[in-house]
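# Survey of secondary and tertiary structure
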Amino acid sequence: MAKEILRMEDVTKIYDNGFVANKNVTFWLHESEILALVGENGAGKTTLMKVLFGLETPQTGKVYMDGKEVKILNTLDAIEKGIGMVHQHFMLIPSLTVAENVVLGVEPMKNGLFDFKKAVEMTEEVAKKYNFNIDPMARVSDLSVGQMQKIEIMKVLIKGAKIIIMDEPTAVLTPQETEELFERLLELKSRGMTIIFISHKLNEVKRISDRITVLKGGVTKGTYLTRDVSEEDISNLMVGREISF
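First, a word on what this report is: a plain description of the structure on this page. (Residues numbered from 1 in each chain as written. Predicted model: local features only at pLDDT ≥ 70, side-chain atom pairs only at ≥ 80, totals over all residues. Heavy atoms only, no water.)

## A word on the packing of aromatic side chains
The geometry of an aromatic ring pair is captured by two quantities: the separation of the ring centres and the angle between the planes. By the definition in use, this model includes one aromatic pair. Centroid distance Phe182 to Phe197: 5.9 Å. Interplanar angle 65°. Geometry classified as edge-to-face. Of the two residues, Phe182 is situated in helix H6 (residues 175-190) and Phe197 in strand E10 (residues 194-199); the sequence distance between them amounts to 15 residues. Each of the two residues, Phe182 as well as Phe197, counts as buried. Across the ring face of Tyr15, the terminal group of Lys13 is positioned such that the distance to the ring centre comes to 5.0 Å. (Phe/Tyr/Trp six-rings, centres within 6.5 Å; stacked < 30°, edge-to-face > 60°. Helix = DSSP H or I, 4+ residues; strand = E, 2+ residues; numbered from the N terminus. Buried < 20%, exposed > 50% of the residue type's maximum accessible area, 1.4 Å probe, protein only. Lys NZ or Arg CZ within 6 Å of the ring centre and 35° of its normal.)

## A look at the packing of helix H4 (residues 116-129) against helix H5 (residues 145-158)
At their nearest, the axes of H4 and H5 sit 10 Å apart, and the two run at 100° to each other. By the angle between their directions, the pair H4 and H5 is classed as roughly perpendicular. Residue-level inspection shows Met122, Thr123, Val126 and Ala127 of H4 in contact with H5, the latter providing Met154, Leu157 and Ile158. The residue makeup of the contact of H4 with H5, split by class, is six nonpolar, one polar and no charged. (Axes fitted to C-alpha atoms, helices over the stretch in contact; angles between N-to-C directions. Parallel < 35°, antiparallel > 145°, perpendicular 65-115°, else oblique. Contact = heavy atoms within 4.5 Å. Nonpolar A, V, L, I, M, F, W, Y, C, P; charged D, E, K, R; others polar.)

Read these as spatial facts, not as claims about activity.
Written out as structure tokens, the structure is:
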């Protein structure tokens, strides 16, 4: 029996302009799984994850971790609870090195100054542990999009994330970079991590995920074992009617 590690219950998020992004959404995660969160643009996927990561405050809803209710007031709260988010638009400083970006927020200090040597060591350690082939000394501005995404993942790993939210991670990747990302995600899963994979690319969702939660118009349309639903089934749930392929 899979162990439930997180549950969001009856989450409602309404923006100031009256737009209902999420309405009574209930969502849960199992340990060491890849859960795909799917829906059309505007379905409420990213908003729900911003609530989980402390970037948005919902009007109603509760979050439970390992069966106990927790409050996630901001991103520092989320990070402390082992939740990390890799945003669709990367949050890197191009003029800095890989190591300097990876340790942002957990900067090693020596005699009151930034310890670059230690930052490189920390980055090498996390890169080696999770098989990220990347040079800590390289300048971010010289790297490919796929390599930049690796840095974003390493940034959440170095802070101790056990639940990693990936927001449309393949939108900017080449097919080869997508393959490499999938290898890394499957490796993280094998090491006990739980991945939330936000996407609308159903072929990728079918390939990488264990379970799928479908959102439509901010409402949950159900959670399914990936093997039990076809791409057509998912599409029909996403748009609310039969789709002809």
